[in-house]
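# Remarks on the overall topology
Listed here are the chains, written in short residue letters.
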Amino acid sequence: MPSDFLNKIKSFDAYPKTLEDFRVRTNSGAAVSIISGIFIVWLFIAEFAYYLRTDVNPELFVDTTRGEKLRINFDVTFPNMPCSFLSVDAMDMTGEHQLDVYHNIFKTRVGKDGQPIQSTVEKQELGDKHVSLKPENDVTKDPNYCGSCYGAEEYPGQCCRTCQEVQEAYRKKGWAFVDPDGIEQCSREGFTAKLQQQKDEGCKVYGFLLVNKVAGNFHFAPGKSFQQNHMHVHDLAIFNLHGAFNMTHTINKLSFGTEFPGIINPLDGVSKLWTSSSNSPMYQYFVKVVPTIYESLGGNVINTNQFSVTEYTRSLDRDSNHGLPGVFIMYELSPIMVKFTETQKSFAHFLTGVCAIIGGVFTVAGIIDAFIYHSLRSLKKKVELGKDT
């Protein structure tokens, strides 16, 4: 009874075996077997590498986020623009203005070759109150000292103890700062001398801005900025002796938000060289910011942005009233958001691929081997028949 059951089970064998005595081994079969084995190993390695690889799948949908801030990271070198001349301003469509921003922004004095002149990083100001050519006459150390604001007082009795405070008072009034030598604080602190001292230097500006998530612009330009009759104005009067402004620059880094694997910032490493000594350049970069979400395999989500850019350069005459020398980045946000999700093949998918490789190669190799064997056998028979005749 058990033997009958086993015999019935044998009838389901899909791989019937032939006797060893009836098997024929050939050189061609050995060659096909070796080649197919090598091919299987190669395909297995490729499949395993494919299994270990992380794929990134993109999705597009409408950006519905509201009330967020946009972080702008930058690192720009100006080899011909001193730190004491340069200001950073930001403004947007809501009417918010950030003038002469210094929070989270650092400046390093550099030479023409872009190498730092000083080892420390500081916030450079025109007529820096920490720089005095006559420290022994520094009356600001007197706690009772109250310098004049030269008509720019916001309230009666306001004191301006430093040149910087006088400039700030002028800026709030919307007045041009024309004659620094005629102001006691600036004369004492060596304002004009400092301008002369730094006029052949450059500046590396880096840091980040936090702006509203609406269209706007930020720019690097010479002079103090202020609002006058609802217009954004830069006071360049004190720089008249310096002629045209050379805004040659290198954008070492510019990004909107946190970086993620594979991101490409198209302005990184971009350099612009200005050679004219009579005119000043106005560099304009028009940026389209695309909100982006990046989700890693571990579930870590990065909310950031990508961007594309076009550019335009204008040449401004010395007396031009239709532009401002500087580097301007105008940005606007896309209504479409991109989401990148990291994915990896499952182990079951890997096993399926391996089985398909082994089975497929052995099947094809068997067909090739059978074709070669029967072809050679048929050819051998014809040769033998030819000899018999």
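Quick summary incoming for the structure in this document.

Attention now moves to the overall build of the protein. What the protein contains, in helices and strands, is 6 helices and 15 strands. Counting across all 389 residues of the protein, residues that qualify as buried make up 39%. Counting every atom, the protein has about 22,700 Å² of accessible surface; 58% of that belongs to carbon and sulfur.

The subject of this paragraph is the state of the cysteines. Scanning all chains against the criterion turns up 4 disulfides. With its sulfur 2.1 Å from that of its partner, Cys83 forms a disulfide with Cys203. Between Cys83 and Cys203, the S-S dihedral sits near 100 degrees, and the bridge is therefore right-handed. One end of the pair, Cys83, is in the loop between β2 (69–78) and β3 (86–92); the other, Cys203, is in strand β6 (residues 202–212), and 120 residues separate them in sequence. Of the two residues, Cys83 and Cys203, neither departs from the other in class, the shared state being buried. Across the disulfide, Cys163 is cross-linked to Cys186 (sulfur-sulfur distance 1.9 Å). Handedness here is read from the sign of the S-S torsion; for Cys163 and Cys186, about 85 degrees, the answer is right-handed. Note that Cys163 is positioned in helix α3 (residues 163–173) and Cys186 in helix α4 (residues 184–189), a separation of 23 residues in sequence. For the pair Cys163 and Cys186, one class covers both residues: buried. Among the cysteines of the protein that take part in disulfides, numbered as they appear in the sequence, the pairing is 1-8, 2-4, 3-5, 6-7.

Turning next to the sheet that holds strand β11 (residues 270–272). Strand order in the open sheet made by the 5 strands is β5-β6-β2-β10-β11, with antiparallel pairing throughout. Edge positions in the open sheet fall to β5 (105–110) and β11, since each of these has one partner strand only. When strand polarity is set aside, the average angle formed by the axes of neighbouring strands in this sheet is 20 degrees. Where β2 lies against β6, 10 bridges are found, and the strand directions are antiparallel. For Arg71, the partnering residue across the bridge sits in β6 and is Leu210.

Here we come to unusual backbone geometry. Negative phi values dominate among residues other than glycine, just as trans dominates among peptide bonds. We note that Asn104 has phi near 65 degrees; this positive angle belongs to a residue other than glycine. Summarising the element assignment, Asn104 is placed in the loop between β4 (97–98) and β5. Exposure remark for Asn104: the relative accessible area of 39% places this residue in the partly exposed category. Even without being glycine, Tyr150 reaches a positive phi, approximately 55 degrees. Within the secondary structure, Tyr150 sits in the loop between β5 and α3.

Turning to the nonpolar core, a few remarks are in order. Across soluble globular proteins, nonpolar side chains show a tendency to be buried alongside one another. Leu209, Phe218, Phe220 and Phe256 are the most contacted members of the largest nonpolar core, which has 47 residues in total. It is β2 that provides the largest number of residues to this core, a total of 5 residues. Formed by 7 residues, the second largest nonpolar core is a distinct cluster that contains Phe260, Tyr294, Val338 and Phe340.

Here the focus is the pairing of strand β7 (residues 216–222). Most of β7 is tucked away, with 7 of its 7 residues classed as buried. Of the two faces of β7, the one holding Gly216, Phe218, Phe220 and Pro222 and the one holding Asn217, His219 and Ala221 are both buried throughout. Bridge analysis of β7 against strand β14 (residues 326–333) gives 5 bridges, and the strand direction is antiparallel. Residue pairing in the sheet places Asn217 in a bridge with Met330 of β14.

Parameters and conventions
Residues numbered from 1 in each chain as written. Predicted model: local features only at pLDDT ≥ 70, side-chain atom pairs only at ≥ 80, totals over all residues. Heavy atoms only, no water. Helix = DSSP H or I, 4+ residues; strand = E, 2+ residues; numbered from the N terminus. Buried < 20%, exposed > 50% of the residue type's maximum accessible area, 1.4 Å probe, protein only. Areas by Shrake-Rupley, 256 points an atom, 1.4 Å probe, with all protein chains shown as cover. Disulfide = S-S within 2.5 Å. Pairing = 2+ DSSP bridges. Axes fitted to C-alpha atoms, helices over the stretch in contact; angles between N-to-C directions. Core = buried A, V, L, I, M, F, W, Y, C linked by side-chain atoms within 4.5 Å.

Structural measurements only, silent on function.
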